[in-house]
Amino acid sequence: MSAVDAALSERWALILGGSDGLGAAFADDLAGRGAHCLLVARNHDKLAATAQSISSRHNVSVQTLSLDLGDTDAVERLADATDSMDLGLVVFNAGAESSGHLFADAPFDEWRNVTDRNIGFLTEALHHFSQRFVKQGRGALLIVGSEAALGGGARAALYTASKAYALNLGESLWAELQPFGVAVQTLLFKIADTPMLRSVLARKGIPVEATGAVSPESLARATIDALFDGPVFNFDEEAGGAPSTTAAGRRARVNDTSAKLEGFYKV
Ligand SMILES: NC(=O)c1ccc[n+]([C@@H]2O[C@H](COP(=O)([O-])OP(=O)(O)OC[C@H]3O[C@@H](n4cnc5c(N)ncnc54)[C@H](OP(=O)(O)O)[C@@H]3O)[C@@H](O)[C@H]2O)c1
């Protein structure tokens, strides 16, 4: 059994945005490695169908929780749901923003929904589970990011900005938490065949095959295999694509920055 599988097997994995697409693929992969799964999303019926499908194929427990991660009490509700579980992993998957709206065109409430989930919730939940995992001396945090984190672009202002936030936060936590036995990994990739992607493509009649989208199953498997190889797993780099940066380069930069900040702040 691999070190990753040994750390996950017979423990619970919390998958945020686990009812379809990449989140469901993560849950299925984790269940195949022997992890019990708690799936969180808003739509109850989608959650129930995914839980049923995973339970029918794997001999693990699967539970669901219907919750909007942008709600102000979301972290409290997740803490209540997981406090008594032997928790080994949290997957921060929900995070797409696919409106394509220009920043100045949309009402601010639309952007607040994105920042509430992708920045406010992400930060508070990472803080909660970091403290919990440090206390128990083990655990893993997986942040599903995007290649969009590496630069801005019109029609994706809040999306790229929030993914850049997640990338920097994830890299810093990787450096801070590894002495406590807690793994942090941030996934970067270009495009995956999810229901969200298909709904965007359908607006313009573009076939998914024309996009080079990878299967959520292969992406999930490769990412979990690389869970302990943080701070970043750049899927397209590993697949021979054209990344804007390399995992090794980012790792060296994080180590260098962390060493400088240690010298700057530590009294
Ligand atoms: N698909 C791509 O090509 C692509 C490319 C790069 C990065 N990514 C990243 O990969 C991740 C997954 O993307 P995706 O395409 O599968 O779409 P997504 O909308 O980020 O994820 C879908 C899942 O998240 C749940 N969800 C969405 N908003 C939620 C909320 N406020 N509260 C609770 N659950 C919520 C959905 O269920 P409900 O709707 O029922 O809540 C569903 O289970 C995202 O972080 C995205 O940024 C995707």
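For the structure, check the block above.
Only a predicted model underlies this, so the values are computations on that prediction, with no experimental measurement involved.

Chemist: Just checking my understanding: could you explain the overall build of the protein chain for this structure?
Modeler: When helices and strands are counted, the protein chain shows 10 helices and 7 strands. For the protein chain, whose C-alpha radius of gyration is 18 Å, the value lies close to the compact-globule estimate of 18 Å for 267 residues. For the protein chain, the C-alpha atoms occupy an extent of roughly 50 × 50 × 40 Å along the three principal directions. With 267 residues in all, the protein chain has 46% of them scored as buried. Contacts in the protein chain between residues at least 24 apart in sequence constitute 71% of all its contacts with a sequence separation of at least 6. Accessible area for the protein chain stands at about 12700 Å²; split by element, carbon and sulfur atoms hold 52% of it. Here the protein chain contributes 23 positively and 32 negatively charged side chains, and the mean placements of these two sets differ by 2 Å.

Chemist: In this structure, what is going on with the packing of aromatic side chains? I would like to understand it.
Modeler: Aromatic ring pairs are reported here in terms of the distance separating the ring centres and the angle at which the planes meet. If you walk through the whole model with that rule in mind, you get 4 aromatic pairs. Summarising the aromatic geometry, the rings of Phe-92 and Phe-121 are spaced 6.4 Å apart at their centres and angled 55° between planes, so their arrangement reads as tilted. Of the two residues, Phe-92 sits in strand β4 (residues 87-92) while Phe-121 sits in helix α5 (residues 108-136), which places them 29 residues apart along the sequence.

Chemist: I'm lost on unusual backbone geometry in this one. Help?
Modeler: A negative phi angle characterises most non-glycine residues, just as the trans form characterises most peptide bonds. Cis peptide bonds are those with omega within 30 degrees of zero, and the linkage from Gly-230 to Pro-231 qualifies with 10°. Even without being a glycine, Glu-10 presents a positive backbone phi close to 65°. With respect to the helices and strands, Glu-10 occurs in the loop between α1 (3-8) and β1 (12-16). Backbone geometry at Arg-155 places phi at a positive 75°, although glycine is not the residue there. Of note, Arg-155 is situated in the loop between β5 (139-144) and α6 (157-177).

Chemist: What is the right way to read the pairing of β1 from this model?
Modeler: Along any regular strand, the residues point their side chains to alternate faces of the sheet. Where burial is concerned, most of β1 is hidden: 5 out of the 5 residues are buried. Every second residue of β1 is oriented toward a common face, with Trp-12, Leu-14 and Leu-16 on one face and Ala-13 and Ile-15 on the other, all of them buried. Direction of pairing for β1 relative to strand β2 (residues 36-41): parallel, over a ladder of 5 bridges. Across the sheet, residue Ala-13 finds its bridge partner in β2, namely Cys-37. On the question of chirality, the crossover connecting β1 to the parallel β2 by way of helix α2 (residues 21-32) is right-handed. Judged from the 5 bridges that link them, β1 and β4 form a sheet pairing that is parallel. Along β4, the bridge assignment pairs Ala-13 with Leu-89.

Chemist: What is the right way to read the site of the ligand from this model?
Modeler: The full set close to the ligand counts 28 residues, and Ser-19, Arg-42, Asn-93, Tyr-159 and Thr-194 are the nearest of them. Within the side chain of Asp-68, an N or O atom sits 3.0 Å from a nitrogen atom of the ligand. Backbone polar atom of Asn-93 to an oxygen atom of the ligand: 2.6 Å apart, as the coordinates give it. Burial of the ligand by the protein amounts to 93% of the accessible area it has alone, namely 850 Å².

Chemist: Could you clarify how one ought to interpret a negative patch on the surface in this entry?
Modeler: On the surface, a cluster of negative charge is contributed by Asp-68, Asp-71, Asp-73, Glu-76, Asp-80, Asp-83, Asp-116 and Glu-124. Of all the elements in the fold, those that place two or more residues in the negative patch are α4 (74-82) and α5. Classification of Glu-76 as exposed rests on a relative accessible area of 55%.

Chemist: Quick question: what am I supposed to make of α4 here?
Modeler: Note on helix geometry: an α-helix contains 3.6 residues per turn, so any two residues three or four positions apart are oriented the same way. Buried residues of α4: Ala-74, Val-75, Leu-78, Ala-79 and Thr-82, and no others. Here the buried residues of α4 occupy an arc of 135° about the axis, which is enough to place them on one side. Facing away from the buried surface of α4 by more than 90 degrees, the exposed residues are Glu-76 and Asp-80.

Thresholds, definitions, all that
- Residues numbered from 1 in each chain as written.
- Predicted model: local features only at pLDDT ≥ 70, side-chain atom pairs only at ≥ 80, totals over all residues.
- Heavy atoms only, no water.
- Helix = DSSP H or I, 4+ residues; strand = E, 2+ residues; numbered from the N terminus.
- Rg over C-alpha atoms; globule rule 2.2 N^0.38 Å.
- Buried < 20%, exposed > 50% of the residue type's maximum accessible area, 1.4 Å probe, protein only.
- Contact = heavy atoms within 4.5 Å.
- Areas by Shrake-Rupley, 256 points an atom, 1.4 Å probe, with all protein chains shown as cover.
- Lys, Arg positive; Asp, Glu negative; His and termini not counted.
- Charge placed at Lys NZ, Arg CZ, Asp CG, Glu CD.
- Phe/Tyr/Trp six-rings, centres within 6.5 Å; stacked < 30°, edge-to-face > 60°.
- Pairing = 2+ DSSP bridges.
- Right-handed = clockwise from strand over helix to strand, strands pointing away.
- Near = heavy atom within 4 Å.
- Polar contact = N/O pair within 3.5 Å; in protein donor to acceptor, adjacent residues only side chain to side chain.
- Patch = residues over 30% accessible without salt bridge, like charges linked within 9 Å, V, L, I, M, F, W, Y side chains within 5 Å.
- Salt bridge = Lys/Arg side-chain N within 4 Å of Asp/Glu carboxyl O.
- Arc of directions from axis to C-beta.

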